[in-house]
Amino acid sequence: MPGPPSRSRALPSSEHPLTPVDFHHQTVLLHETVDVLLPKEGKVILDGTLGGGGHTEALLARGATVVGVDRDPVALAAATARMGGNARFQARQGNFAELSSVAQDLLPVDGVLVDLGVSSPQLDVAERGFSFMKDGPLDMRMGDTGPTAAELIAITDERDLAQILRDYGEEPFARPIARELKRALPQRTLEAAEVVKRAVPRKAWPDRIHVATRTFQALRMAVNGELEALDALLASLPSLLKVGGRAAVISFHSLEDRKVKEAFKALVGGCTCPPGFPVCVCNSQGNFALVSKKAVAASDAEVEANPRSRSAHLRAVEKVR
Ligand SMILES: C[S@@+](CC[C@H](N)C(=O)[O-])C[C@H]1O[C@@H](n2cnc3c(N)ncnc32)[C@H](O)[C@@H]1O
C-alpha cells in the first residue's frame, strides 16, 4: 500500500490557514470515556487528540492532571483558552504517533486517550480544505506541515493514488477517479468534488452519501497519515502506560476499529493452543486485559443529539502486569 509521501521531501510551500475560529466540537462518548480512564487526583493522563478539549475538561474536573497533545495549533490555542489556566493542564503540539517523545518526561502515565479523526471546526472552516460542500484550497492538513491534498495528488502517480482511494476510502471507482484527478490537478475543494462527479457514472452515485465522500476521506487520511499514526500509537502503548494504567481509543470507521481491536487482542495475548485442545497447555498471557469485551457505542439519546456519534466505537485496555 502506498504510504503518504515522505515528509522530508521538498515541496511547494503553501500557507496553512490557521484561521482563528470559535472552536465548537461536540465531544463524543464523554462520560463513557472518562469513566473508563478512572481519573482522580494524582493520576496523569495523556489526551493525544486534545481538539476542543471536551474530554480533557471532564478528566480535569475529576482531579486528574492532563497533558493534551494535538497536531493542530488552532485546537491547542482554543483548548488552552477553555482550560482557563488550570494548573493541572498542559498543552503540547505534536503527533500522537510520537507520544513517547512528545511526553517522554511524564512516562509511564496512568491513562492515554485518542479520539480519532477530525474536529468539527476543522471540517467547518472552508479554508482548511476538508469539505466538498464549501469552496476552499484543497488542503486537508490537520497540522501545519507536510503536503496538502492538492500537492499529494500532484506528486503521487495514478496507480498509487487509486490505491489510496481504495485502501482508505473503499472507493469502488478508485481508478477512474484517480485518472481524472491526475488529469485535472484540482487546487480547490469544489473543483475536486466536480472531478469525482465527472469520473463516476451518474447511475452509480451512492444514495445516502455525496459521491465525493469516500475520495475526500481517503485523501484526508493519506495527507495526515492517519492509519500509520494509529499503528504507531497502538504499538507504543506498552511503553506509555504504567501497570494499572488504561488506554482508550474512540474510532469512527471500520478500518480504524479493526486495527484497534486486533492490536488490543495482541496486547491481551491469551491461549495459542490449537482449537481442539481440551485444556490449555501454552499458559500464554499478555500484559494487558480488555476493559470490556465489546466496543462501547453511543446511546440513542447521544446519536439523536449528535449524529456524528453514530459510528463511534470506544475500546479500552488496562495494563495488568
Ligand atoms: C475528534 S477531535 C478530538 C476532540 C476532543 N476529544 C474533544 O472532546 O474536543 C480529533 C483531534 O485530534 C487531532 N489529531 C488527529 N490526528 C492526530 C495525530 N495523529 N496527532 C495529534 N493530533 C491529532 C485533530 O487535529 C483534532 O483536533
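About the thresholds
- Residues numbered from 1 in each chain as written.
- Predicted model: local features only at pLDDT ≥ 70, side-chain atom pairs only at ≥ 80, totals over all residues.
- Near = placed C-beta within 6 Å.
- Helix = DSSP H or I, 4+ residues; strand = E, 2+ residues; numbered from the N terminus.
- Nonpolar A, V, L, I, M, F, W, Y, C, P; charged D, E, K, R; others polar.
- Axes fitted to C-alpha atoms, helices over the stretch in contact; angles between N-to-C directions.
- Parallel < 35°, antiparallel > 145°, perpendicular 65-115°, else oblique.
- Left-handed = near helix turned anticlockwise from the far one by under 90°.
- Contact = placed C-beta atoms within 7 Å.
- Domains from an automatic or database assignment.
- Buried ≥ 20, exposed ≤ 12 C-beta atoms within 10 Å, placed from the backbone.
- Pairing = 2+ DSSP bridges.
- Core = buried A, V, L, I, M, F, W, Y, C linked by C-beta atoms within 7 Å.

Caption draft 1: Region of interest: the site of the ligand. If you check the shell around the ligand, you find 23 residues, and the closest are Thr-27, Thr-49, Gly-51, Gly-52 and Gly-54. If you list the elements that add at least two residues to the shell around the ligand, you get helix H2 (54-61) and strand S2 (65-70). Considering only residue class, the shell around the ligand consists of seven nonpolar, twelve polar and four charged.

Caption draft 2: Molecular detail of the packing of helix H7 (residues 158-169) against helix H8 (residues 174-184). Remark: H7 packs on H8, axes separated minimally by 8 Å, with the N-to-C direction vectors making an angle of 130°. When the axis of H7 is compared with that of H8, the two are oblique. Between H7 and H8 lies a crossing of right-handed hand. Contact residues: Glu-158, Leu-161, Ala-162, Leu-165 and Arg-166 in H7; Ala-174, Arg-175, Ile-177, Ala-178, Arg-179, Leu-181 and Lys-182 in H8. When the residues that make up the contact of H7 with H8 are grouped by side-chain class, the tally is seven nonpolar, no polar and five charged.

Caption draft 3: Region of the structure containing the environment of Asp-144. Within the secondary structure, Asp-144 sits in the loop between helix H5 (120-124) and helix H6 (149-155). Spatially, the C-alpha atoms of Asp-144 and Pro-73 are 7.7 Å apart, while their sequence positions differ by 71 residues.

Caption draft 4: Main features of the domain arrangement of the chain. Splitting the chain by domain gives domain 1 (30-120 + 242-319) and domain 2 (123-226). Each of domain 1 and domain 2 was reduced to a C-alpha centroid, and the two centroids are 29 Å apart. Taken together, the contacts link five residues of domain 1 with six residues of domain 2. Looking at the side of domain 1 that touches domain 2 residue by residue, the class counts come to two nonpolar, one polar and two charged.

Caption draft 5: Unusual backbone geometry, seen in detail. The omega torsion of the bond from Leu-107 to Pro-108 falls at -5°, within 30 degrees of zero and hence cis. Within the secondary structure layout, Pro-108 lies in the loop between helix H4 (99-102) and strand S4 (109-115). Positioned with a positive phi, Leu-29 is a non-glycine residue whose angle comes to about 50°. Take Leu-29: it is sitting in the segment before helix H1 (30-36). Taking the number of C-beta atoms within 10 Å as the measure of exposure, Leu-29 has 23 and is therefore buried. The phi dihedral of Met-140 is positive, around 75°, even though this residue is not glycine. Mapped onto the secondary structure, Met-140 falls in the loop between H5 and H6.

Caption draft 6: Seen up close, the sheet that holds S4. In space, the seven strands of this open sheet follow the order S3-S2-S1-S4-S5-S7-S6, with mixed pairing throughout. Each of the sheet's edge strands pairs with one partner strand only, and the pair in question is strand S3 (89-93) and strand S6 (288-290). For this sheet, the mean inter-axis angle between neighbouring strands, taken without regard to orientation, is 20°. Sheet topology note: the strand S5 (residues 241-251)/strand S7 (residues 313-319) ladder contains six bridges and is antiparallel.

Caption draft 7: Structural detail: the nonpolar core. Ranked by size, the top nonpolar core spans 52 residues in total, and within it Ile-45, Leu-46, Val-112, Leu-233, Ala-247 and Ala-248 carry the most contacts. By residue number, the principal contributor to this core is helix H11 (residues 226-240), which donates six residues. If you look at the next biggest cluster of nonpolar residues, it comprises 33 residues, including Leu-138, Ala-149, Leu-181 and Leu-219.

Caption draft 8: Highlighting the environment of Leu-113. Within the secondary structure layout, Leu-113 lies in strand S4. Note on Leu-113: 27 C-beta atoms within 10 Å, which makes it buried. Residues Leu-113 and Asp-47, spaced 66 residues apart in sequence, show a C-alpha to C-alpha distance of 4.8 Å.

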